[in-house]
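# Results of the structural survey
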Amino acid sequence: MSRSAVSEAPIDEEESPVADAGAASRREAVRFVGVTRQFGDVRAVDGVDLRVRAGEFFGMLGPSGSGKTTCLRLIAGFEQPNAGHIEIFDEAAEGIPPYRRAVNTVFQDYALFPHMNVLDNVAYGPMIRGVAKAKRHAEAREMLRLVKLEGFETRQPAALSGGQRQRVALARALVNQPKVLLLDEPLGALDLKLREQMQVELKALQRELGITFIFVTHDQGEALSMSDRVAVFDQGRVVQIGTPDEVYERPRTRFVADFVGSANILEPSLCERIGAPTGLWSLRPEKIVLAETGPADAHGAVIVNGVVRNVLYQGATRRLLVDVEGQTLSVVAPATTTAVESGDPVRLRWHANDMFRMIDE
Amino acid sequence: MMDASTAGAPVPRERLSLRISDFLFERPRLLILLLLGAPLLWIGVVYVGSLLAMLTQSFFSIDEFTGQVVYEFTFKTYAQLFRPSNLDIIVRTVIMATCVTITGALIAFPIAYYAARYASGRVKALFYIAVMLPLWSSYLVRVYAWKLILANEGVLNWGVEQVGLSPVRDAILALPVIGGASLSFSYIGTFLVFVYLWLPFMILPIQASLERVPLTMIEASGDLGARPRQTFRKVVLPLAIPGVVAGSIFTFSLTLGDYIAPQIVGSSRLFLGQAVYVYQGTAGNLPLAAAFSVVPILVMAVYLVVAKRLGAFNAL
């Protein structure tokens, strides 16, 4: 129960004094200090502190209306903060219009120009900068090659599929060699297979180019699989920042535990029964195993008895809902667990270290 | 438990409307025919028919001696259009229509842009009312109202005199061709009335086209480094061009065909519409009137072809 000492877990692990020494040497791509953006009475972004490191793939995760997209728009310059301070590569960004920022955006609806073909769409940025036609078309072709859209140069955007449009939007942003690339729900409009493929490609592209990518998503799977670090948003605030496994394994609050993956929040009665200190404890369903066999009391093992209430078939896994001490625990078991049916008594086992104590907010 | 007796019994009577729906559901073409039949007949017979009748007339000629129409195919009447006096009428009208259209577009665009981009709710309702309000009153009354406004004793002159700008007015009226005895007897007057009359027909299509430009497209342009002026030129304007062209079709063709406004406000020199009016009426020269009527059609056709060539409809 060593982690029970963490009563005030920091939002950003980097901010804790121990980790700070290592972080100071790294450049920051974007820094938010107490940034607030109000729309009328609504605080869309409410006192957000953020540090995005140069060259990282940074995810902003949260439900709709949590302020993540507004944060992205603040970085792009489409919105200005009502309070607080924003820096992009150590330069103050307040009052700087979007067209003066070394930042480019891939829009959720892609926002391709319908009156230009693919090549001219991609060459738009260089054209605005006054790059000669031959040169900017060469640059645009190079970018289209990078996003695997060679041969589509003369197509109109309307004649492209959703995935292809997104690649054009990506190429159109990247051709400007931005210091930071912003992606607003980049995979939201794509179907599942394409989404998985694009996750891999985006990640590879980011590695290859070394550009800081900041993307917004409401899909926790996407955030976990793509980001180097994730900021979890709730009601205009950042509730936790960390690597995907930090956020997943050690959710700081109940909201994070619920929103990122699924979690069992242990009731006080159960905590008392297993001898855990009082507090808000989370336990991931896949950390619980059925313990009818195996060593009964390895060090730190917690064992409880329960009754299976429901078995949900999920393809690769089965989700068991088990009543324990008046509480229902969700358990993810391998699909090979076929013997268990509702009504069966089971023994559940997990390791005390797999429980994580959260802040009660 | 369905037995043979129920299967053979007559189908329970369904509501007639439901049966009609089923009938049409199975025959979608019939439905389209029913919906479009009457309008198509109207357009086909009344509209295209009269247009063809007019076209036919223009290929006849009039016997200068007897004043009777000679029903023989000839280009003689068209040749008459190229007489200097007739050519004058055509050139004068086309120049006027061009000026009216360009001025209309210049005035309409900012109004339409404001309405599409910034106005919402109440302000937008007010905008629509303001644009449409003139159309609720009689065209004739409005033109006469302008005659009063522009007359020497009119409110405009009174205002001009109050602020001491009469020398400027006199200088303008002294200009050759477009000047005249007073504003209401000059081309300037005709021009002002035309611009006023057709402005709603320019504003509404432009506003509709601007409304369809998503905000993210404007943001995307700025994001890619374009200053607002560049965004306007490279993104907003090209996307609004179909609306401008649609509006200009209205203003252009309405000006080409109007025969009342220039008669009430303006010099005594004829415009196309007046020429048609005169030749088909008092002069009884139906073939020449018809030939004159073909001119606006040709001008509009040329205009549309040129607009298409220039890529005006690429964003559609």
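Residues numbered from 1 in each chain as written. Chains lettered and ligands numbered in written order. Predicted model: local features only at pLDDT ≥ 70, side-chain atom pairs only at ≥ 80, totals over all residues. Heavy atoms only, no water.

## Details of the overall build of chain A
Basically, it comes down to this: A run of H or I in DSSP becomes a helix once it reaches four residues, and a run of E becomes a strand once it reaches two; helices and strands are each numbered from the N terminus. To sort residues, take the accessible area from a 1.4 Å probe on protein chains only and compare it with the maximum for the residue type: under 20% means buried, over 50% means exposed, and anything in between is partly exposed. By definition, residues are in contact when any of their heavy atoms lie within 4.5 Å. For every accessible area listed, the method is Shrake-Rupley and the probe measures 1.4 Å; residues are considered covered only by the protein chains on display. Residues counted as positive are Lys and Arg, residues counted as negative are Asp and Glu, and His and the chain ends are not counted. For this purpose, a charge sits on NZ of Lys, CZ of Arg, CG of Asp or CD of Glu.
Tallying secondary structure elements over chain A gives eleven helices and 18 strands in all. C-alpha atoms of chain A, sized along the principal axes, occupy 75 × 45 × 40 Å. In chain A, which comprises 361 residues, the share counted as buried stands at 51%. For chain A, restricting intrachain contacts to residue pairs at least 6 apart in sequence, the fraction spanning at least 24 positions comes to 66%. Counting every atom, chain A has about 16300 Å² of accessible surface; 49% of that belongs to carbon and sulfur. Each charge sign in chain A was given a centre, from 42 positive and 48 negative side chains, and these centres are 6 Å apart.

## Side note on the sheet that holds strand S1 (residues 28–39) of chain A
In any sheet, the strands associate via hydrogen bonds between backbone groups, in a parallel or an antiparallel arrangement. Residues and elements named next belong to chain A. The cut-off we apply is this: Should DSSP find at least two bridges between two strands, the strands are regarded as paired. Axis definition: a line fit to C-alpha positions, over the contact stretch in the case of helices; interaxial angles, taken between N-to-C directions, run 0 to 180 degrees.
Within the open sheet, the four strands sit side by side as S2-S1-S4-S5. Their pairing is antiparallel. The strands lining the two open edges of the sheet, one partner per strand, are strand S2 (42–53) and strand S5 (91–92). With two bridges joining them, strand S4 (residues 83–88) and S5 adopt antiparallel strand pairing. Its bridge partner lying in S5, Glu87 is registered against Ala92. Taken strand by strand, helix H2 (residues 68–76) contacts S1, S2 and S4, and its axis lies near 115° from that of S1.

## Considerations on the domain arrangement of chain A
Residue and element names in this part refer to chain A. The cut-off we apply is this: For each domain, the first and last residues come from an automatic or database assignment. The quantity reported as buried area is the accessible area (1.4 Å probe) lost by two parts once they are put together, taken as the sum for both. Any carboxyl oxygen of Asp or Glu that lies within 4 Å of a side-chain nitrogen of Lys or Arg is treated as forming a salt bridge with it. Here a polar contact means two N or O atoms within 3.5 Å. Within protein one must be a hydrogen donor candidate and the other an acceptor candidate, and residues neighboring in sequence count only if both atoms are side-chain atoms. The classification used treats Ala, Val, Leu, Ile, Met, Phe, Trp, Tyr, Cys and Pro as nonpolar, Asp, Glu, Lys and Arg as charged, and all other residues, Gly among them, as polar.
Here chain A is partitioned into domain 1 (3–102 + 178–259) and domain 2 (264–358). Each side of the interface is counted separately: domain 1 has eleven residues, and domain 2 has twelve residues. Taking both partners together, domain 1 and domain 2 bury about 1200 Å²; carbon and sulfur atoms supply 55% of that area. The salt bridge partner of Glu249 is Lys287, with a shortest N-O separation of 3.4 Å. Our count for the domain 1 to domain 2 interface comes out at four residue pairs in polar contact (both at pLDDT 80 or more). Mapped onto the side of domain 1 that touches domain 2, the elements with two or more residues apiece are helix H9 (244–249) and helix H10 (254–259). For the side of domain 1 that touches domain 2, the class distribution of residues is four nonpolar, two polar and five charged.

## As for the packing of helix H14 (residues 272–280) of chain B against helix H15 (residues 286–309) of chain B
Residue and element names in this part refer to chain B. So the rule is basically this: Any angle that is under 35 degrees is reported as roughly parallel, and any over 145 degrees as roughly antiparallel; angles of 65 to 115 degrees are reported as roughly perpendicular and all others as oblique. Less than a right angle of anticlockwise turn of the near helix away from the far helix marks a crossing as left-handed, whereas a clockwise turn marks it as right-handed.
Running from N to C, H14 and H15 cross one another at 160°; their axes reach a closest spacing of 7 Å. Between H14 and H15, the angle falls in the class roughly antiparallel. The chirality of how H14 crosses H15 is left-handed. Facing H14, whose interface residues are Leu272, Ala275, Val276, Tyr279 and Gln280, H15 presents Leu286, Leu288, Ala289, Phe292, Ser293, Val295 and Pro296. Tallied by class, residues from the contact of H14 with H15 come to ten nonpolar, two polar and no charged.

## Things to note about the pairing of strand S16 (residues 327–334) of chain A
Of all eight residues in S16 of chain A, six are buried, a share of seventy percent or more. If you look at the hairpin formed by strand S15 (residues 317–324) of chain A and S16 of chain A, you'll find two residues sitting between the two strands, and Glu325 of chain A has a positive phi there, around 50°.

## Section: the interface of chain A and chain B
Contact residues are listed per partner, giving 23 residues for chain A and 19 residues for chain B. Summing the contributions of chain A and of chain B, the shared interface buries around 1800 Å²; its carbon and sulfur component is 64%. Our count for the contact surface shared by chain A and chain B stands at one salt bridge. Of the charged contacts, one joins Glu219 of chain B and Arg73 of chain A as a salt bridge, the two residues approaching to 2.6 Å between their closest N and O atoms. Remark: the boundary between chain A and chain B carries seven residue pairs in polar contact (both at pLDDT 80 or more).

## Some words on the domain arrangement of chain B
Here the domain parsing of chain B yields domain 1 (4–47) and domain 2 (81–314). Computed over C-alpha atoms, the centres of domain 1 of chain B and domain 2 of chain B are 46 Å apart.

## Concerning the sheet that holds strand S8 (residues 212–217) of chain A
Residues and elements named next belong to chain A. With mixed pairing, the six strands of this open sheet are ordered in space as S6-S7-S8-S3-S9-S10. Edge positions in the sheet fall to strand S6 (103–106) and strand S10 (237–242), since each has one partner strand and no second. Strand after strand, the sheet turns through a mean of 20° between neighbouring axes, direction not considered. For strand S9 (residues 229–234) and S10, the ladder comprises five bridges, and the chain directions are antiparallel. In the strand pairing of S10, Val232 is matched with Gln240. Contacting S6, strand S7 (180–184) and S8, helix H6 (residues 162–174) runs over the sheet at an angle of about 175° to S6. Helix H7 (residues 192–209) rests against strand S3 (57–61), S7 and S8 of the sheet, and its axis sits at about 135° to S3.

## Structural notes on the pattern of salt bridges
Residue and element names in this part refer to chain A. Applying the stated rule across the entire model yields 23 salt bridges over all chains. Between Glu28 and Arg51 there is a salt bridge, with the nearest N and O atoms lying 3.9 Å from each other. Of this pair, Glu28 sits in strand S1 while Arg51 sits in strand S2, placing them 23 residues apart in sequence. On the basis of relative accessibility, which here comes to 15%, the residue Glu28 falls in the buried class. The class for Arg51 is partly exposed, based on a relative accessible area of 29%.

## Details of a positive patch on the surface
The test is simple: The residues that make up patches have over 30% relative accessible area and no salt bridge, and they are joined within 9 Å when like-charged or within 5 Å when they are Val, Leu, Ile, Met, Phe, Trp or Tyr.
Together, Arg100 of chain A together with Arg227, Arg229 and Arg233 of chain B give the surface a local cluster of positive charge. Counting through the fold element by element, Arg233 of chain B comes out in helix H12 (residues 228–257).

## Examining the packing of aromatic side chains
Condition: Side-chain rings of Phe, Tyr and Trp (the six-membered ring for Trp) are treated as a pair once their centres are within 6.5 Å; stacked means planes under 30 degrees apart, edge-to-face means over 60, and tilted covers the remaining angles. Note on geometry: a ring has a charge over it if NZ (lysine) or CZ (arginine) is within 6 Å of the ring centre and within 35 degrees of the ring normal.
A complete count under the given rule lists 25 aromatic pairs over all chains for this structure. Relative to Tyr78 of chain B, the ring of Phe59 of chain B has its centre 5.3 Å away and its plane inclined at 50°; by these criteria the two rings are tilted. Here Tyr78 of chain B lies in helix H4 (residues 76–81) and Phe59 of chain B lies in the loop between helix H3 (28–58) and strand S1 (61–62), a separation of 19 residues in the sequence. For Phe59 of chain B, a relative accessible area of 22% gives the class partly exposed. One aromatic cluster in this structure is built from Phe109, Tyr113, Tyr114, Tyr118 and Phe232 of chain B. Over the ring of Phe113 of chain A we find Arg172 of chain A, and its NZ or CZ is 4.7 Å from the ring centre. Looking at Arg284 of chain A, its charged tip hangs above the ring of Tyr248 of chain A, at a distance of 3.9 Å from the centre.

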